[in-house]
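Structural characterization, general
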Amino acid sequence: KAGVTQTPRYLIKTRGQQVTLSCSPISGHRSVSWYQQTPGQGLQFLFEYFSETQRNKGNFPGRFSGRQFSNSRSEMNVSTLELGDSALYLCASSRLRGATYNEQFFGPGTRLTVL
Amino acid sequence: KQEVTQIPAALSVPEGENLVLNCSFTDSAIYNLQWFRQDPGKGLTSLLLIQSSQREQTSGRLNASLDKSSGRSTLYIAASQPGDSATYLCAVHTDKLIFGTGTRLQVFP
């Protein structure tokens, strides 16, 4: 069974540009969550999508947005990039959401560098 | 606000030692707790998930325990190997995952 895949694996952008990252969850998983990892802040929750609807959102500015498609694949978009957006962006998928036994499986991440 | 802390921040041990990594959280209202490992520049690999109703989980040389009332979890690694070198992260499940700061483990031959 294929794991969570993320594309692209590496990105270099300049300030002011926008970027779109993609995540394909494990087959049968309907929940996709996004996390940002930086040396200073660690791993922080961005948002969760389930059945094409955003179910939860972290404390990030509106420049960060996402969506989920009917096949559960998800995209994350960051507009007007800032230097501080340089990070490893990780996507996690799970079968369910909420308080049930809900193991989260992570992809390899997309390394975004903003110059 | 839920806060998750991991001690120690870094650990360097010779091969063969048994290890205990600690994770503490401030709010016992969690659903589950999950342990991950992360190799440099890579994603997270799930090691163990402990449901809130469970006390421990085992997988191979790994054993994780959970004490919700005291806000603590431990990850026990038996007979450590150089391949165990990585950063270990614990995360509590609320409406999202809240991660600890990690323990960077180095096991030398």
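The preceding data block contains the structure.
Below: a short report on this structure.

Cut-off values and rules
Residues numbered from 1 in each chain as written. Chains lettered and ligands numbered in written order. Predicted model: local features only at pLDDT ≥ 70, side-chain atom pairs only at ≥ 80, totals over all residues. Heavy atoms only, no water. Contact = heavy atoms within 4.5 Å. Buried area = accessible area lost by both parts, 1.4 Å probe. Salt bridge = Lys/Arg side-chain N within 4 Å of Asp/Glu carboxyl O. Buried < 20%, exposed > 50% of the residue type's maximum accessible area, 1.4 Å probe, protein only. Helix = DSSP H or I, 4+ residues; strand = E, 2+ residues; numbered from the N terminus. Pairing = 2+ DSSP bridges. Axes fitted to C-alpha atoms, helices over the stretch in contact; angles between N-to-C directions.

So, about the interface of chain B and chain A. It is common to report an interface's size as the accessible area lost on association of the parts. The interface is formed by 18 residues belonging to chain B together with 19 residues belonging to chain A. Across the chain B to chain A interface the summed buried area is about 1,500 Å²; carbon plus sulfur atoms make up 57%. Looking at the side of chain B facing chain A, the largest losses of area belong to Leu44, Leu49 and Phe99 of chain B, adding up to 26% of the total buried there. Put simply, chain B and chain A have 0 salt bridges between them.

All names here are of chain A. Across the 5 residues that make up strand β8 (residues 74-78), a large majority, 5, are buried. Judged from the 5 bridges that link them, strand β3 (residues 19-24) and β8 form a sheet pairing that is antiparallel. Its bridge partner lying in β8, Thr20 is registered against Asn77. Across 5 bridges, strand β7 (residues 64-68) lies against β8 in antiparallel orientation. Residue Gln68 lies in a different strand from β8, and its bridge partner there is Ser74. Between β7 and the antiparallel strand that follows it, β8, lie 5 residues; Ser72 among them carries a positive phi value of about 80°.

As a further point, take the sheet that holds strand β8 (residues 72-77) of chain B. Residues and elements named next belong to chain B. Pairing is antiparallel in the open sheet, where 5 strands are placed in the order β1-β3-β8-β7-β6. At either end of the open sheet lies a strand with only one pairing partner, and these are β1 (4-7) and β6 (56-59). Taken over all neighbouring pairs, the strand axes of this sheet differ in orientation by 15° on average, direction set aside. For strand β3 (residues 19-25) and β8, the ladder comprises 6 bridges, and the chain directions are antiparallel. When the bridges of β8 are listed, Asn22 appears paired with Thr74.

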